[in-house]
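An overview of the molecular structure
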Amino acid sequence: MFHTNYDTSSDRFQNYYKDVSLRTKNKELDLLIVVNMFLTGFDATTLNTLWVDKNLKMHGLIQAFSRTNSILSSMKTFGNIVCFRNLQKRVDAAISLFGDKNAGGIVLLQKFEDYYYGFTALDGKEKPGYVDMVDELNEKFPLTEPQIIGEHSQKEFIAIVTHEKSADFL
């Protein structure tokens, strides 16, 4: 596609590295499959998702995550990390060691099953899952009804979908 030809010899590898870095910066690459080198030491502000299938740990883990989480502008205020390995203990250890104990804005998501079936949050509150939301929507707004009529019903529908149950909203 780019009519390039690189190899791993010492005289040609730097050209490859520079080419990939520049093409990533210029948004010419939508997907970058990395084995090691570009996980760290390379600023990826334009990339928004890191798919991890490697047992990263400590500073390498934080560095790789930070590259994807680099803020670009109001269009990219965070990055996504999708792990195919169970790195939760390593993430917790790395954040504990390298992170600010009082830092705000660190968001660690639950497992997919938790969002699907519901879970108990750290504050002890029950969070309904997708299955619960669909059941409630089917009960209150059956598909046999062509539309949701009335402002109160519309607000109730939105409250269910957004999990917003405050009295101020309704």
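For the structure, see preceding data.
Read on for an overview of the structure. (Residues numbered from 1 in each chain as written. Predicted model: local features only at pLDDT ≥ 70, side-chain atom pairs only at ≥ 80, totals over all residues. Heavy atoms only, no water.)

Some words on the packing of helix α2 (residues 58-68) against helix α3 (residues 88-98)
The condition that has to hold: Only the contacting stretch of a helix is used when fitting its axis, a line to C-alpha atoms as for every element, and angles between N-to-C directions run 0 to 180 degrees. Counting from the N terminus, the helices are the DSSP runs of H or I reaching at least four residues and the strands are the DSSP runs of E reaching at least two. Convention used here: angles under 35 degrees read as roughly parallel, angles over 145 as roughly antiparallel, angles from 65 to 115 as roughly perpendicular, and any remaining angle as oblique. When checking whether two residues touch, look at their non-hydrogen atoms; a contact exists if any pair is within 4.5 Å. As a working rule, the residues Ala, Val, Leu, Ile, Met, Phe, Trp, Tyr, Cys and Pro are called nonpolar, Asp, Glu, Lys and Arg charged, and the rest polar, with Gly in that last group.
Here α2 crosses α3 at 90 degrees, and the two axes come no closer than 9 Å. Taken together, the axis directions place α2 and α3 in an arrangement best described as roughly perpendicular. Contacts between α2 and α3 involve Met58, His59, Leu61, Ile62 and Phe65 on the former and, on the latter, Arg90, Val91, Ala93, Ala94, Ile95, Leu97 and Phe98. Tallied by class, the residues present in the contact of α2 with α3 amount to ten nonpolar, one polar and one charged.

Things to note about unusual backbone geometry
Our working rule: Accessible area is worked out with a 1.4 Å probe on protein chains only. A residue is then buried under 20% of its type maximum, exposed over 50%, and partly exposed in between.
Here the phi dihedral of His3 falls at roughly 55 degrees; this positive angle occurs in a residue that is not glycine. Inspection of the secondary structure puts His3 in the segment before α1 (10-25). Overall, His3 belongs to the exposed group, its relative accessible area being 79%.

Side note on the pairing of strand β1 (residues 49-52)
Where we set the bar: Note on pairing: DSSP must find at least two bridges between two strands before they are called paired.
With burial as the criterion, only one face of β1 is covered, namely that bearing Leu50 and Val52; the residues Thr49 and Trp51 on the opposite face remain uncovered. Pairing between β1 and strand β2 (residues 80-83): four bridges, direction parallel. Residue pairing for β2: Thr49 is matched across the bridge by Asn80.

Some points on the nonpolar core
Rules: Buried residues of nine kinds, namely Ala, Val, Leu, Ile, Met, Phe, Trp, Tyr and Cys, make up a nonpolar core once their side-chain atoms join them within 4.5 Å.
In this structure, Leu50, Val52, Leu56, Leu61, Ala64, Phe65, Leu87, Val91 and Ala94 together form the largest nonpolar core, which totals nine residues. Among the secondary structure elements, those contributing two or more residues to this core are β1, α2 and α3. A total of three residues in this core trace back to one element, the largest contributor, which is α2.

Quick word on the pattern of salt bridges
Our working rule: A pair is scored as a salt bridge if a Lys or Arg side-chain nitrogen falls within 4 Å of a carboxyl oxygen belonging to Asp or Glu.
Overall, the coordinates contain five salt bridges when judged by the stated rule. With a shortest N-O distance of 3.0 Å, Asp19 and Arg23 are connected by a salt bridge. Placement of both Asp19 and Arg23 in helix α1 is noted, with a separation of four residues, approximately one turn of the helix. A residue is classified by how much of its surface remains accessible, and Asp19, at 16% relative accessible area, is buried. Across the salt bridge formed by Lys140 and Glu136, the nearest N and O atoms sit 3.2 Å from each other. With Lys140 and Glu136 both in helix α5 (residues 130-140), this residue pair falls four residues apart, about one helical turn. Judged by relative accessible area, Lys140 falls into the partly exposed class, the value being 39%.

Functional significance is not addressed by these values, which are geometric in nature.
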